[in-house]
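The chain contents come next:
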Amino acid sequence: MSTFVVSRPSFFALQQSRLACSLCLMLACLLPPAVFAEEVAAAQLKALLQPLITLRADFRQRIFAADGYEIQNSQGEMQVARPGKLRWIIAPPMEQWLISDGSTLWLYDPDLEQVIIRPFQQSVADTPAMLFSGGADQLEQSYTVSVSRTDTAATYVLKPIASTGLYEQIGLVFEGETPTQIVIVDSLAQRTEIILSNVQRNVAMDAETLDALFSFIPPPGVDILQDD
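Here goes a summary of the coordinates provided.

Notes on the overall build of the protein
Scanning the protein from terminus to terminus reveals four helices and twelve strands. For the protein, with 228 residues in total, the buried portion stands at 34%. A fraction of 43% describes how many contacts in the protein between residues 6 or more apart in sequence connect residues 24 or more apart. On the protein, roughly 13700 Å² of surface is accessible, and the fraction owed to carbon and sulfur atoms is 57%.

Listed below in structure tokens is the structure:
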């Protein structure tokens, strides 16, 4: 008959294990509460952004100077799709088109009969709209994140880690899983408020529709400026 001997952890090994757990807990307690809050807020925001494959919405955009004076009020339609595709159309009388296929950005001004073509920077630090089109994985590398809540909405405030001189902070408001507002404060304290309505998430689109929405052929006769 074979005899199996089951070894038990020694008293010394158990003590080491308990000591290690205690040290881990003590180190965790030494971290500032804000670190945990930022990590939790970033994880919650990523959980809202990462499932987005496409997003379409109407928008109203208001821009305020640092003293609160409204300097622009416009409306239009926006669409984003992974990876890095963007369509932002401001309706007349201040009509402008911003379209990207993920590598090229077209800035079209019908009134000036001019289109500027430049490489598209797929960085959430430089282009916040990238957060909606596949840039959520860059979130913690580019921003610190905090969150506040009401009964109906959650507001995530993103502050750039690196001082790029572009934005002081970006606010994203969600009602449930639906984004409803974007607020951007730039380095000159100018505030842009964008209210989203008629939001549609993850509407299936075939390749032909994607190409039509997120590419641009300049109309005949317009000035083309290449900005490399």
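So that's the structure; there's more coming.
A look at the side chain of Ser 74
Positionally, Ser 74 belongs in strand E2 (residues 70–81). When its relative accessible area of 5% is taken as the criterion, Ser 74 is described as buried. If near-sequence neighbours (up to four positions away) are discounted, Ser 74 is found in contact with Phe 59, Arg 60, Gln 61, Ile 90 and Met 94.

Some details on the environment of Ala 43
Inspection of the secondary structure assignment puts Ala 43 in helix H2 (residues 33–49). When its relative accessible area of 44% is taken as the criterion, Ala 43 is described as partly exposed. Once the C-alpha coordinates of Ala 43 and Leu 139 are considered, the two residues, 96 residues apart in sequence, prove to be 9.3 Å apart.

Re the pairing of strand E9 (residues 167–175)
In terms of strand pairing, strand E8 (residues 154–160) meets E9 through five bridges, oriented antiparallel. Counted as the bridge partner of Ala 154 is Phe 174 from E9. Pairing geometry for E9 and strand E10 (residues 178–186), over eight bridges, is antiparallel. Of the residues in E10, the one forming a bridge with Phe 174 is Pro 179. In this structure, the hairpin formed by E9 and E10 is closed by a connection of two residues, where Gly 176 is found at a positive phi of approximately 65 degrees.

Cut-off values and rules
Residue positions are given per chain, counted from 1 along the sequence in the order it is written. With the structure being a predicted model, the display of local features is reserved for residues of pLDDT at least 70 and the display and counting of side-chain atom pairs for 80 or more, all residues being used for whole-chain, interface and lining totals. Excluding hydrogens and water, the side-chain values take into account all heavy atoms of the structure. Secondary structure elements are defined from DSSP: runs of H or I of at least 4 residues count as helices, runs of E of at least 2 residues count as strands, and each element is numbered from the N terminus. Note on exposure labels: buried denotes an accessible area under 20% of the residue type's maximum, exposed denotes more than 50%, and partly exposed covers the range between, all computed with a 1.4 Å probe on protein chains only. Contact definition: two residues touch when any of their heavy atoms are within 4.5 Å. All accessible-area figures derive from a Shrake-Rupley calculation using a 1.4 Å probe, and residue coverage is judged against the displayed protein chains alone. Strands are treated as partners if at least two bridges between them are detected by DSSP.

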